[in-house]
Amino acid sequence: MPRENVSLFNDVMGPIMRGPSSSHTAAAVRIGQFVRGLCWGGDPPVGAEVVVEYDPAGSLATTAGPQGSNMGLAAGFLGFSCEDPRVCGSEALLEQAGVCFRTAVAAFPEHSHPNTYKVTVTERPGACARVVVALSLGGGALSIRSVDGAVLDFAGDRRAAVVAVPAGSPEHTAEQVAAVFRDQAWLAVRALPCASGASSHLVVAETPDNRGLPYLPLAECPDACARLIPCLLPVPRPAVVELPFTCVAELQAYSTSLAGRGCDLADLAAAYETARSGLPKKAVFEHALQLVRIFKAAVADGLRGTDYADRILGPQSVGYQKALQSGALYDLGLVNSVVAYTSAVMEVKSSFGLIVAAPTAGSCGVVPGCLVAAGEALGKEDGDLARAVLVAGLVGVFIATRSTFAAEEGGCQAECGAAGGMAAAALAYLKGGDTRQCLSAASMTVQSVLGMVCDPVANRVEAPCLLRNVCAASMAASSANMALAGYAALLPFDEVIAAHWQVSEAMPRSLKCTGIGGLAAQPTARRMEREMCGGCGCSAAPNW
């Protein structure tokens, strides 16, 4: 769904992570971290019970297990980050820690998005349960919609204090607690009334810094509980955000202003992220440089060959490189490197290596494959590639602000389609393209992939995901050349993004990462799924 205050590093070029899916694994890690902070304030106690419900009308009912939601939640409960190597084995580690963790498919009224999690936590037998409802919005972004029925809509991009004041406490206690936070300049302070069936009022406050909890007037409320939850995203949102632009039309107007005059697209991207995050431009470029290094490492790791048992596809990029070097393949120039490098990054992702969701894990090969290949061909330095990363990120900002990165909302056009547009603009930029040419390249690429469905075979984010990464990357290279040669995109990129969202909304649920339509529903795919799921067939759901 369209979002506000999109950050290049929180929402587009990231997270840095391990696992098959950013909307499943990475977002689930962050949701688990929130639950950990709210319910336990640290390691979960022995005997704690966690039940996670997935609504049958959503995507998670059929995809949570194979695509890493359950392991992501377990990792978050244990305090692991998205890039921790232990994410892969987190469910077993949680069991060893004495926590009972189970999932269920059941309809619930709070379901409002295909990726809705309902997490019920009981600290010990007989204790009151806490209920957290959270959404995964694509690319690792999340929203904590409610706690114990009280609506939060917390994005995780600030540190948060959550104070539970028992319903039987002296009158006005919750408001007094809220007043303390307001007096000390905390942000977004709200006192939430006790929801139906809940046992506590909630006071929630946010801060972009690392301050601790203030002294709170809870002496008369011995059962009150105050928790401090860390910022769940890499870049905290400052107190005031005044974005210079959020779409191409606004960017064009800004480019003619005193502040934007003479800036190329990378400088404009840095100006945007500085306004969004409060980071100085130097820090913005350094963060982009870190991503370039991860891109290059992932390409190198993939080309050496990867090994992981629970996957469909092996290390095919190794064979591609050998065939290319032997002269067995057509001479496609840069595109041959793009194919190999894009494949290599996807294979690293599927073997739980370190990757950047750009903008998602399911499309993580496109931007790195294109930029590393082009950088080598053009003899570019890492600093040049970092500037191209910012260009790709800014294109992603425009898409996320008015459409979606979630395949559960928009099929593969939301993931590989968006990544292709981002990569096309970055490639045009690396070759010296101006802002118009870069955005034309993005427009032509996204126009070419509208309607691309998401139908993963055996519910693994591998096939046809790898093929569609390669297709999007190849299209990005073609579109960059066409834009540089003067081909007309015809439709402004803002209008293409509007169409992207309209097509997303029109696409049937069966073709939006549910595993129940398209290629995923064919006999061979179903057979592979049964074999990989121990004979059960994770997505076989004829009545849904």
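To be clear, the structure that these remarks concern was listed above.
We now turn to the structure provided with this report. All figures in this text were calculated on a predicted structure; none of them were measured in a lab. (Residues numbered from 1 in each chain as written. Predicted model: local features only at pLDDT ≥ 70, side-chain atom pairs only at ≥ 80, totals over all residues. Heavy atoms only, no water.)

A word on the pattern of salt bridges
Right, on to step 1. Taken as a whole, this structure holds 22 salt bridges when the rule is applied.
Right, on to step 2. Put simply, Asp-148 and Arg-130 hold a salt bridge, and the shortest N to O gap is 2.9 Å. Of the two residues, Asp-148 is situated in the loop between β6 (141-147) and β7 (150-154) and Arg-130 in strand β5 (residues 129-138); the sequence distance between them amounts to 18 residues.
Right, on to step 3. Its relative accessible area of 15% is what places Arg-130 among the buried residues.
Right, on to step 4. Its salt-bridge partner being Arg-387, residue Asp-267 comes within 3.0 Å of it at the nearest N-O pair. Note that Asp-267 is positioned in helix α8 (residues 265-277) and Arg-387 in helix α13 (residues 382-402), a separation of 120 residues in sequence.
Right, on to step 5. With relative accessibility at 23%, the residue Asp-267 sits in the partly exposed group.
Right, on to step 6. Via salt bridges that share partners, Asp-157, Arg-158, Arg-190, Glu-206, Arg-237 and Arg-276 belong to a single interconnected network. (Salt bridge = Lys/Arg side-chain N within 4 Å of Asp/Glu carboxyl O. Helix = DSSP H or I, 4+ residues; strand = E, 2+ residues; numbered from the N terminus. Buried < 20%, exposed > 50% of the residue type's maximum accessible area, 1.4 Å probe, protein only.)

So, the state of the cysteines
Right, on to step 1. Going through the model one piece at a time under the given rule, you end up with zero disulfides.
Right, on to step 2. Distance from the sulfur of Cys-88, which forms no disulfide, to the nearest cysteine sulfur (Cys-82) is 15 Å.
Right, on to step 3. When its relative accessible area of 30% is taken as the criterion, Cys-88 is described as partly exposed. (Disulfide = S-S within 2.5 Å.)

A closer look at the packing of aromatic side chains
Right, on to step 1. In the structure shown here, the tally under the stated rule is nine aromatic pairs.
Right, on to step 2. With a centroid separation of 5.7 Å and 90 degrees between ring planes, the pair formed by Phe-77 and Phe-101 is classed as edge-to-face. One end of the pair, Phe-77, is in helix α4 (residues 69-77); the other, Phe-101, is in strand β3 (residues 100-105), and 24 residues separate them in sequence. Assigned by exposure class, Phe-77 and Phe-101 land together as buried.
Right, on to step 3. Ring centres of Phe-245 and Phe-398 lie 6.4 Å apart, and the angle between their planes is 55 degrees; on these two criteria the pair is classed as tilted. Pair noted here: Phe-245 is in the loop between β11 (225-229) and α7 (248-255) and Phe-398 is in helix α13, with a separation of 153 residues, a long-range link. (Phe/Tyr/Trp six-rings, centres within 6.5 Å; stacked < 30°, edge-to-face > 60°.)

Some words on the packing of helix α15 (residues 416-430) against helix α17 (residues 465-484)
Right, on to step 1. At a minimum axis distance of 8 Å, the contact between α15 and α17 shows a crossing angle of 35 degrees. Both α15 and α17 take part in a crossing whose hand is right-handed. Between α15 and α17, the contacting residues are Cys-416, Gly-420, Ala-423, Ala-424, Leu-427 and Ala-428 on the first element and Cys-465, Arg-468, Asn-469, Ala-472, Ala-476, Ala-477, Ser-479, Ala-480 and Leu-484 on the second.
Right, on to step 2. Across the contact of α15 with α17, the residue classes tally to eleven nonpolar, three polar and one charged. (Axes fitted to C-alpha atoms, helices over the stretch in contact; angles between N-to-C directions. Left-handed = near helix turned anticlockwise from the far one by under 90°. Contact = heavy atoms within 4.5 Å. Nonpolar A, V, L, I, M, F, W, Y, C, P; charged D, E, K, R; others polar.)

As for the sheet that holds β11
Right, on to step 1. The strand order β9-β10-β8-β11 describes an open sheet built from four strands, whose pairing is antiparallel. Strands at the two margins of the open sheet, each flanked by one partner only, are β9 (187-192) and β11. Neighbour-to-neighbour, the strand axes of this sheet turn through a mean angle of 10 degrees, independent of strand direction.
Right, on to step 2. Alignment of strand β8 (residues 159-166) against β11, held across five bridges, turns out to be antiparallel. What sits directly across from Ala-164, in β11, is Cys-225.
Right, on to step 3. Lying over the sheet, helix α2 (residues 22-40) contacts β8 and β11, oriented at roughly 155 degrees with respect to β11. (Pairing = 2+ DSSP bridges.)

Topic: the side chain of Glu-409
Right, on to step 1. Topologically, Glu-409 is positioned in helix α14 (residues 407-410).
Right, on to step 2. Of the side chains bearing the opposite charge, Arg-3 lies closest to the buried Glu-409, which forms no salt bridge; the N-O distance is 6.9 Å.
Right, on to step 3. Reaching out from Glu-409, the side chain makes a polar contact with the backbone nitrogen of Met-1 at a distance of 2.2 Å.
Right, on to step 4. Within the structure, the side chain of Glu-409 is placed 3.2 Å from the side chain of His-113, a separation counted as a polar contact.
Right, on to step 5. Glu-409 has contacts with Met-1, His-113, Leu-137, Thr-404, Trp-501, Ser-504, Glu-505 and Lys-512, leaving out every residue within four places of it along the chain. (Lys, Arg positive; Asp, Glu negative; His and termini not counted. Polar contact = N/O pair within 3.5 Å; in protein donor to acceptor, adjacent residues only side chain to side chain.)

As for unusual backbone geometry
Right, on to step 1. Cis geometry is adopted by the peptide bond preceding Pro-15, which originates at Gly-14 and carries an omega value of 15 degrees.
Right, on to step 2. Secondary-structure assignment places Pro-15 in the loop between α1 (8-12) and β1 (16-17).
Right, on to step 3. Along the chain, Ala-358 connects to Pro-359 via a cis peptide bond; the corresponding omega equals 5 degrees.
Right, on to step 4. By the secondary structure assignment, Pro-359 is in the loop between β12 (355-356) and α12 (366-378).
Right, on to step 5. Here the phi dihedral of Ala-185 falls at roughly 65 degrees; this positive angle occurs in a residue that is not glycine.
Right, on to step 6. By the secondary structure assignment, Ala-185 is in the loop between α6 (173-183) and β9.
Right, on to step 7. For Phe-352, which is not glycine, the phi torsion reads 65 degrees and is therefore positive.
Right, on to step 8. Looking at the secondary structure, you find Phe-352 in the loop between α11 (334-350) and β12.
Right, on to step 9. Judged by its relative accessible area of 12%, Phe-352 falls in the buried class.

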